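Commentary on secondary and tertiary structure
Here is what each chain is made of, one letter per residue.
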Amino acid sequence: MTSQSKQRVLTGITTTGTPHLGNYVGAIRPAIKASTPDNNETANDTDSFLFLADYHAMIKSHDPEKIHQSSKEIAATWLALGLDPEKVTFYRQSDVPEIMELSWVLTCSTAKGLMNRAHAYKAAVQDNDSAGADADYAVTMGLFSYPILMAADILIFNGQKIPVGRDQIQHVEMARDIAQRFNHRYGEHFVMPEALIDENVAVLQGLDGRKMSKSYNNTIPLFETEKKLKKSINKIKTNLLEPGEPKDPETSTVFQIWQAFSTVEQTADMRSQFEQGIAWGEAKKCLFNLINQELAEPRERYLEFMANTPALEKILQQGAEKARDVSAPMMASVRKAIGIRPMAS
Ligand code: TRP
């Protein structure tokens, strides 16, 4: 099968923050599984693009060290967990200058009214309103125009299926609007992308029982040391039921996380242990062992990558080269279409 006849699946990860168990269960593990051919029939018909969205990170953070560190951690995490850079085009957004170039071109044909409707921007305005602040307080043009950059990320590679969380569906729809408008004015360049939502993926609870998320500060980092992992698991909120008292698995974060890492049989077994009144300390010990078993080996590889950043850099450079084989001709064709071309031809 040639690469054109394969379906292009493309997604980005914003480089703010350290990967946690929720990212792993909700995004990383399913994405790696889906991109591993042989394991999986559809992977053979798929041409996967996965990138570190480091220019997107600037929308959320102006801390250079944080953005840099997070890029390293995210790259090392995906590679340690088995992403194969030979099979997946794995790159850093900032290494593909055509993305930024296209972003400006699209900015010039995107209606401001479309951006006014973006949820992230509207939420910021709403927050300002509730706080009695000026509507534009702390709203940068980066935040406002962010869906255009995301459209450029997708359209420059003609990404077709875009695996994202629910909060990002609107942005993929905006990318379609933006693509359509460009195609209409300048001729067919872009295919229409579609959001791909995985209904089966678990949303993990955090230490306090709310969704595990860095904005709630309730996360368990994916590759913290064994000792720290044990400590984190011990911090998961439970009720005051004593050992021997039956416990409700359905309302327990310990059980919910257990389920995300266990086989069907292990889940059934833990359910009956809850009914028989397993002590919280014991349940947490079991949970630690289960998670650690799955993560111990990748953790070693992660630490190796983190200690060998030249190797990480090399992989990303090779990924950027493959990506630019696609983005450079696309941008050349866009430039020609909009009238920016050499005088002599
Ligand atoms: N905005 C996405 C997020 O916050 C990350 C992202 C940036 C992305 N560019 C993308 C996802 C392009 C899919 C396609 O999750």
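Residues numbered from 1 in each chain as written. Predicted model: local features only at pLDDT ≥ 70, side-chain atom pairs only at ≥ 80, totals over all residues. Heavy atoms only, no water.

1. As for the pairing of strand 3 (residues 89-92)
What you see with strand 3 is no split at all: Thr89 and Tyr91 on one side and Phe90 and Arg92 on the other are buried throughout. In this structure, strand 2 (residues 46-53) lies alongside strand 3, joined through four bridges in parallel fashion. Each residue of the ladder has a partner; that of Phe49, found in strand 3, is Thr89. (Buried < 20%, exposed > 50% of the residue type's maximum accessible area, 1.4 Å probe, protein only. Helix = DSSP H or I, 4+ residues; strand = E, 2+ residues; numbered from the N terminus. Pairing = 2+ DSSP bridges.)

2. Quick word on the domain arrangement of the protein chain
Partitioning the protein chain into domains gives domain 1 (7-203 + 309-338) and domain 2 (223-303). Using only C-alpha atoms to locate each centre, domain 1 and domain 2 end up separated by 34 Å. Across the contact, 10 residues belong to domain 1 and 10 residues belong to domain 2. Here domain 1 and domain 2 share one salt bridge between them. The salt bridge involving Glu294 is made with Arg29; its shortest N-O contact spans 3.1 Å. (Domains from an automatic or database assignment. Contact = heavy atoms within 4.5 Å. Salt bridge = Lys/Arg side-chain N within 4 Å of Asp/Glu carboxyl O.)

3. Quick word on the pattern of salt bridges
When charged atoms on two side chains of opposite charge get close, those side chains can pair. Inspection of every chain in the model, using the stated rule, returns 13 salt bridges. The partner of Arg92 in a salt bridge is Asp95, and the shortest N-O contact between them spans 2.9 Å. Between Lys161 and Glu194 there is a salt bridge, with its nearest N and O atoms 3.2 Å apart. In this pair, Lys161 is assigned in strand 4 (residues 161-163) and Glu194 in strand 5 (residues 194-196), connecting sequence segments 33 residues apart. You can call Glu194 partly exposed: its relative accessible area is 40%.

4. A look at the packing of aromatic side chains
This model, assessed by the stated rule, comprises 11 aromatic pairs. Taking 5.4 Å as the distance between ring centres and 15° as the angle between the ring planes, the aromatic pair formed by Phe51 and Tyr91 counts as stacked. One end of the pair, Phe51, is in strand 2; the other, Tyr91, is in strand 3, and 40 residues separate them in sequence. For the residue pair Phe51 and Tyr91, the accessibility class agrees, reading buried in each case. A ring pair is formed by Phe255 and Phe274, whose centres lie 5.5 Å apart and whose planes are at 70°; its orientation type is edge-to-face. Of the two residues, Phe255 sits in helix 10 (residues 253-261) while Phe274 sits in helix 11 (residues 264-275), which places them 19 residues apart along the sequence. Neither residue differs from the other here; Phe255 and Phe274 are each classed as buried. An aromatic cluster is defined as three or more aromatic residues linked by ring pairs; in this entry it consists of Phe49, Phe51, Tyr91 and Phe157. The positively charged end of Arg210 is found above the aromatic ring belonging to Tyr216, 4.1 Å away from the centroid. Over the aromatic face of Trp280 sits the side chain of Lys247, whose NZ or CZ is 5.8 Å from the ring centroid. (Phe/Tyr/Trp six-rings, centres within 6.5 Å; stacked < 30°, edge-to-face > 60°. Lys NZ or Arg CZ within 6 Å of the ring centre and 35° of its normal.)

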